[in-house]
Amino acid sequence: MDDWAGFIDQFLGEVRSVVVEHNKGARTFTTAVQEFVHAVDWKESWLIALLFSHVSLLCIIVFTRRNSNVQAVLFFSMLLLIYLAEPLNNLLRTKWELFAAQPYFDKNGLFLSVVFSLPLLVFTLIILVNSLIGMTRLMVKVKRAQLIQKAKAEAKTDEGSKKKK
C-alpha cells in the first residue's frame, strides 16, 4: 500500500512540474481581455457606429420578442452575417486604412470575431431562448385546452349514462 502512495505522490509531483513549466509566461484570461481592451481605440467613429448598431439591434430584438416572424428573420440574418465574417475580415484587412487608425483585422479574424460576431451570437442565443420560452408556454396552453376538452367530454358521457339509468 505504501508503494502505491509513493507512486501516486511521485506521479502528482511530476504532473505539477509539467503544468508549472507549461504555464510559464502564460497570461490569464483577465489579463488577455485587459490587453485587448487597452489596445483598441474605442473612440474611432466606425467602432462607435458598430456599437450603436449592436445596441439598436438588441432593442429591436427586445421590442419584437412577441413577433415570431420578425424574430426568425433577425435570427437567420444574424447567422448569415456571422457566416460572412471571414470574407468580411479578409476585405477589411486589405482596406483598413480607409476607415481605421490602426490595422485591427488580423489573419485569424480575432478582432472581428470579438467585436462583430460575438455580440451577434449572443443576440441569436437571446432569440433562441425567447423562442423556446414561447414554445413551452404554447405547449402548456395546448395541453390545458386538451385537458379541459377531455374533462368536458367525460362529463358529457357521465351525464348521458346517468340519464339512461
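Residues numbered from 1 in each chain as written. Predicted model: local features only at pLDDT ≥ 70, side-chain atom pairs only at ≥ 80, totals over all residues. Heavy atoms only, no water.

Q: Hey, could you run me through the overall build of the protein in this one?
A: The secondary structure content of the protein amounts to six helices and zero strands. Over its C-alpha atoms the protein spans a radius of gyration of 29 Å, topping by over 25% the 15 Å that the globule rule assigns to 165 residues. For the protein, the proportion of its 165 residues judged to be buried stands at 19%. For the protein, restricting intrachain contacts to residue pairs at least 6 apart in sequence, the fraction spanning at least 24 positions comes to 64%. Positive and negative side-chain charges of the protein, numbering 20 and 14 respectively, have mean locations separated by a distance of 25 Å. (Helix = DSSP H or I, 4+ residues; strand = E, 2+ residues; numbered from the N terminus. Rg over C-alpha atoms; globule rule 2.2 N^0.38 Å. Buried < 20%, exposed > 50% of the residue type's maximum accessible area, 1.4 Å probe, protein only. Contact = heavy atoms within 4.5 Å. Lys, Arg positive; Asp, Glu negative; His and termini not counted. Charge placed at Lys NZ, Arg CZ, Asp CG, Glu CD.)

Q: Would you take a moment to explain a nonpolar patch on the surface for this structure?
A: A cluster of nonpolar residues, Leu 58, Val 62, Phe 63, Leu 110, Val 114, Leu 118, Val 122 and Ile 126, forms a patch on the protein surface that exposes about 690 Å² of accessible area. Going through the elements one at a time, α3 (45–63) and α6 (110–164) are the ones with two or more residues in the nonpolar patch. Inspection of the secondary structure assignment puts Val 62 in helix α3. Note on Val 62: relative accessible area 40%, which makes it partly exposed. (Patch = residues over 30% accessible without salt bridge, like charges linked within 9 Å, V, L, I, M, F, W, Y side chains within 5 Å. Areas by Shrake-Rupley, 256 points an atom, 1.4 Å probe, with all protein chains shown as cover. Salt bridge = Lys/Arg side-chain N within 4 Å of Asp/Glu carboxyl O.)

Q: Would you take a moment to explain the environment of Glu 86 for this structure?
A: With respect to the helices, strands and loops of the structure, Glu 86 is situated in helix α5 (residues 85–95). Spatially, the C-alpha atom of Glu 86 lies 10.0 Å from that of Ser 117, the residues being 31 residues apart in sequence.

Q: Got a minute to help me understand the nonpolar core in this structure?
A: One recurring pattern in soluble globular proteins: nonpolar side chains tend to sit buried together. Membership of the largest hydrophobic core comes to 23 residues, with the highest contact counts inside it found for Met 78, Tyr 104, Phe 105 and Phe 111. Those elements that place two or more of their residues in this core are α3, α4 (68–83), α5 and α6. For this core, the leading source of residues is α6, giving seven residues. Setting aside residues up to four positions removed in sequence, Met 78 forms contacts with Leu 57, Ile 61, Leu 120, Phe 123, Thr 124 and Ile 127. (Core = buried A, V, L, I, M, F, W, Y, C linked by side-chain atoms within 4.5 Å.)

Q: Got a minute to help me understand the environment of Ala 101 in this structure?
A: Summarising the element assignment, Ala 101 is placed in the loop between α5 and α6. The class for Ala 101 is exposed, based on a relative accessible area of 62%. Residues Ala 101 and Ser 117 lie 16 residues apart in sequence; the distance between their C-alpha atoms is 21 Å. Not counting residues within four places of it along the chain, the set of residues in contact with Ala 101 comprises Glu 44 and Trp 96.

Q: I tried to follow the packing of aromatic side chains on my own but got confused; where do I start?
A: Inspection of every chain in the model, using the stated rule, returns ten aromatic pairs. Ring plane angle 65° and centroid distance 6.0 Å describe the contact between Trp 46 and Phe 111, whose orientation is recorded as edge-to-face. Linking Trp 46 in helix α3 with Phe 111 in helix α6, this pair joins segments that are 65 residues apart in sequence. The exposure class assigned to Trp 46 is buried, which follows from its relative accessible area of 16%. With a relative accessible area of 4%, Phe 111 lands in the buried category. A ring pair is formed by Phe 105 and Phe 111, whose centres lie 5.7 Å apart and whose planes are at 85°; its orientation type is edge-to-face. Neither Phe 105 nor Phe 111 differs from the other in exposure class; each is buried. Ring pairing ties together the aromatic residues Phe 36, Trp 42, Trp 46, Phe 99, Tyr 104, Phe 105 and Phe 111, which thus form one cluster. (Phe/Tyr/Trp six-rings, centres within 6.5 Å; stacked < 30°, edge-to-face > 60°.)

Q: I keep staring at the side chain of Thr 124 and nothing clicks. Help me out?
A: Its place among the elements puts Thr 124 in helix α6. With residues up to four places along the chain from it excluded, the contact list for Thr 124 reads Phe 75, Met 78 and Leu 79.

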